Amino acid sequence: MAQLNTNFINHIEKELPAHLSLQEFIAYCDKPLRKSIRVNTLKISTAQFVHIMTSAGWQLSPVPWCADGFWIEGKDDIQLGNAIEHIQGLFYIQEASSMLPPTALFSNDNTAEIVLDVASAPGSKATQIAALMNNSGLLVANEYSASRVKVLHANVLRMGASHTALTHFDGRVYGEYLYESFDAILLDAPCGGEGTVRKDPLALKHWDIDDVTAIGETQKDLIESAFLALKPGGILVYSTCTLSQLENQHICYHLQQTYPDAVEFESLAELFDGADKACTEEGFLHVWPQIYDSEGFFVAKIRKKASVERVKKQPKLQKNFPFNPANEKQKAELTQYFYDSFCLELPSDDVIMLRDDEYWLFPAQFMPFIGKMRFQRIGIKLADAMKKGYKAKHEAVIALSAATHNPAKTMELSAAQAQDFLMGRDIATSTFDQPTQQQLAIMPQGEMLVSYHKVVLGVVKHLGHRLKNNLPRDLVRDNVNLYL
Ligand SMILES: C[S@@+](CC[C@H](N)C(=O)[O-])C[C@H]1O[C@@H](n2cnc3c(N)ncnc32)[C@H](O)[C@@H]1O
C-alpha cells in the first residue's frame with residue numbers, strides 16, 4: 001500500500017486541477033501499474049512483433065501516444081525481463097507515460113539529426129529516440145552516475161543503437177562545451193519521482209518540500225545548460241516523473257524569464273487523441289496517474305526562437321583523440337571480411353576508425369565533435385584485427401544485421417535452440433531438422449550467424465557436428481524464458 005506523507009497530500013491538493021479529485025488521486029496511487037513495453041523498431045517491425053506475440057497468446061493494447069508502445073494484459077505471471085524477445089532486444093520494458101517525451105521531441109515531423117539526451121540512464125527514452133532516428137544522425141546520450149552509465153551502455157547495445165555516443169558528465173557542462181550544437185534535446189531531469197508511487201509504494205513516505213526546492217535548483221541549472229546547447233530553431237523537451245509544479249512548470253517559467261526573447265512554449269494539446277485531458281493552459285502535459293491510468297509525468301516542449309549569448313567561453317579543444325580514420329586498404333579488407341563471413345554490409349556514410357588493433361564505426365555526424373569533450377564510447381566496435389584476418393564483435397553483427405540482414409550466412413534457430421544459445425551453450429547440428437542438417441553438412445565451416453524470429457542473436461563457429469557458441473561471456477544468461 002502506498003505510503004503518502006500528510007505534507008505531500010496537503011501540498012498536492014492545492015496543485016490538483018479543479019476537474020480532478022484528491023480521493024481518486026489517492027486511490028490511483030494504490031492501484032498496481034499496468035505493464036507496458038515498447039517494440040524496438042531497430043530490430044523488428046511493430047506489425048511483425050505484434051503478429052508473433054499475439055499468436056503466442058499475448059494481449060497487447062496500444063498506447064495512444066506511441067505507435068510502438070503497448071500495454072500487456074492478462075500476463076501477470078510473465079517475467080518480461082527474462083523473455084527471449086526481451087534479451088534479444090525486440091522490446092524494451094517502459095512505462096507508458098515515459099514514452100511521451102520522445103514522442104513530443106519528434107512531433108510535427110521533427111527531422112532532428114543531432115540530438116542530446118542530457119540525463120539518459122537506464123536508456124528507455126534514449127533507445128526510443130535512437131529508434132525514432134532509425135539509427136541515423138547522432139544521439140549523444142549522457143549520464144552523470146557511473147553505475148548507471150553501465151546499464152545505459154548495456155541497453156544501447158541490446159537494442160542495437162549504433163549512432164549513439166555516450167558521455168559521463170554533470171549535465172551542467174553542455175552549454176559550455178557544446179554550445180548551440182544540437183537540433184533537439186531531451187532533458188528528462190532528475191526529480192523527486194512523485195509520479196512513481198504506483199511502482200514504488202515508499203516513494204512518498206519521506207516527502208519534504210525542502211527536497212523539492214533543492215532539486216528544483218539543479219533542474220534550473222540543467223535546463224539553462226540544455227537551452228544553451230540547443231541550436232537556434234531547435235526543440236528542447238523538458239520532462240520529469242514528478243508532479244509538483246516547483247519541479248515542472250516553475251522550471252519552464254525560470255527558463256522563459258532567463259531568455260524571454262528566445263523561449264517559446266509549443267502546445268502539446270494535439271500530440272495524440274486525448275492529449276487535451278492532461279494539457280495545461282501553457283500547452284504542457286501534466287499527466288496525473290488517474291488521467292490515463294499510468295505513472296504521473298510532466299512534459300514541456302520548448303522552441304528556441306533565437307540564439308542566446310554564451311555564458312562561458314568555448315573551452316580549448318582536447319588533444320590526443322585515440323582514434324584515426326582507417327586507410328582505404330584497411331577499409332576495403334574489413335568490408336570484404338564482413339561480407340564474406342556474414343553477408344553484412346558496412347554503411348558507406350559512416351566512418352571506419354582505428355584505435356590500435358580495434359576497428360570502430362563512427363556516425364559521420366560525430367566527426368565535428370572530436371576534441372570538444374570526452375566521450376565514453378562512440379558508435380560501435382566492429383572487429384579486432386588478428387594476426388590473420390579479423391574477429392567481428394558481437395555488437396557489430398547485432399547492429400549491422402538489423403540494417404542489412406541477408407539470411408545467406410544466418411541459421412534460424414528454434415525457440416529451444418535460441419534459449420540454449422543465450423545460456424551460452426553450443427548447438428549440436430543433430431538438433432536441427434533433417435533438411436537443415438543436410439544444408440549445414442555442405443556449408444563451409446567457420447563463422448556464421450544465428451537468428452531467432454529472423455533477428456540475429458550472435459555469432460557461432462560451424463564445426464561440422466556443432467555450432468560453437470561465441471556469445472560474449474558477460475551476455476550469457478542463467479534464465480531465459482520461453483513464452484511461445
Ligand atoms: C529520470 S532519470 C532518467 C531516465 C532516463 N531518461 C530514461 O528514460 O531511462 C534521471 C537521470 O539523471 C541522472 N542525473 C542526476 N543528476 C544529473 C546531472 N547533474 N546531470 C546529468 N544527469 C544527472 C540520474 O542519475 C538519472 O539517471
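Definitions and limits used
- Residues numbered from 1 in each chain as written.
- Predicted model: local features only at pLDDT ≥ 70, side-chain atom pairs only at ≥ 80, totals over all residues.
- Heavy atoms only, no water.
- UniProt positions renumbered as here; feature names shortened; annotations may be inferred.
- Helix = DSSP H or I, 4+ residues; strand = E, 2+ residues; numbered from the N terminus.
- Polar contact = N/O pair within 3.5 Å; in protein donor to acceptor, adjacent residues only side chain to side chain.
- Domains from an automatic or database assignment.
- Contact = heavy atoms within 4.5 Å.
- Buried area = accessible area lost by both parts, 1.4 Å probe.
- Salt bridge = Lys/Arg side-chain N within 4 Å of Asp/Glu carboxyl O.
- Pairing = 2+ DSSP bridges.
- Axes fitted to C-alpha atoms, helices over the stretch in contact; angles between N-to-C directions.
- 1 Å grid on protein atoms, 1.4 Å probe; cavity = no way out; pocket = protein on both sides within 12 Å on 5 of 7 lines; lining within 4 Å.
- Points joined across faces, edges and corners; volume = space filled by probe spheres on them.
- Nonpolar A, V, L, I, M, F, W, Y, C, P; charged D, E, K, R; others polar.

Looking up the chain in UniProt gives the name Ribosomal RNA small subunit methyltransferase F, with the organism given as Shewanella frigidimarina. Taken from UniProt, the Subcellular location comment for the chain reads in full: "Cytoplasm". Turning to the chain, the UniProt record has this under Sequence similarities: "Belongs to the class I-like SAM-binding methyltransferase superfamily. RsmB/NOP family."

(A) Focus on the environment of Ser136. Along the chain, the position of Ser136 falls in the loop between helix 6 (124-132) and strand 6 (138-142). Separated by 88 residues in sequence, Ser136 and Gln48 have C-alpha atoms that sit 22 Å apart. From its side chain, Ser136 meets the backbone oxygen of Met133 in a polar contact 2.6 Å long.

(B) Spotlight on the domain arrangement of the chain. Domain boundaries assigned for the chain yield domain 1 (6-304), domain 2 (324-398) and domain 3 (406-475). Relative placement of domain 2 and domain 3: their C-alpha centres are 25 Å apart. Residue-level contacts link 11 residues of domain 2 with 14 residues of domain 3. Among the residues domain 2 hides against domain 3, the three largest losses belong to Phe342, Cys343 and His394. Together they make up 53% of the total. Where domain 2 packs against domain 3, one counts one salt bridge. Across the salt bridge formed by Lys391 and Glu447, the nearest N and O atoms sit 3.9 Å from each other. For the interface between domain 2 and domain 3, the tally reads two residue pairs in polar contact (both at pLDDT 80 or more). Elements represented by at least two residues in the side of domain 2 that touches domain 3 include exactly helix 12 (328-342) and helix 13 (394-404).

(C) Spotlight on the sheet that holds strand 14 (residues 351-355). Taken in spatial order, the five strands of this open sheet run 13-14-15-17-18, and their pairing is antiparallel. Of all the strands in the sheet, just strand 13 (324-325) and strand 18 (390-392) have a single pairing partner and so form its edges. Both strand 14 and strand 15 (residues 358-362) contribute to a ladder of five bridges, which runs antiparallel. Bridging across to strand 15, Leu354 finds its partner in Tyr359. Helix 12 rests against strand 14, strand 15, strand 17 (380-385) and strand 18 of the sheet, and its axis sits at about 55° to strand 18.

(D) Expanded view of the layout of surface pockets. Considered as a void within the structure, the largest pocket measures approximately 950 Å³ in volume. Ala121, Pro122, Lys125, Arg148 and Asp188 are the residues nearest the centre of the largest pocket, which is lined by 42 residues in total. Those elements that provide at least two residues to the lining of the largest pocket are strand 1 (35-39), helix 6, strand 8 (182-188) and helix 9 (209-229). Element by element, the count of residues in the lining of the largest pocket is highest for helix 6, at three residues. Its residues assigned to classes, the lining of the largest pocket comprises 17 nonpolar, 13 polar and 12 charged.

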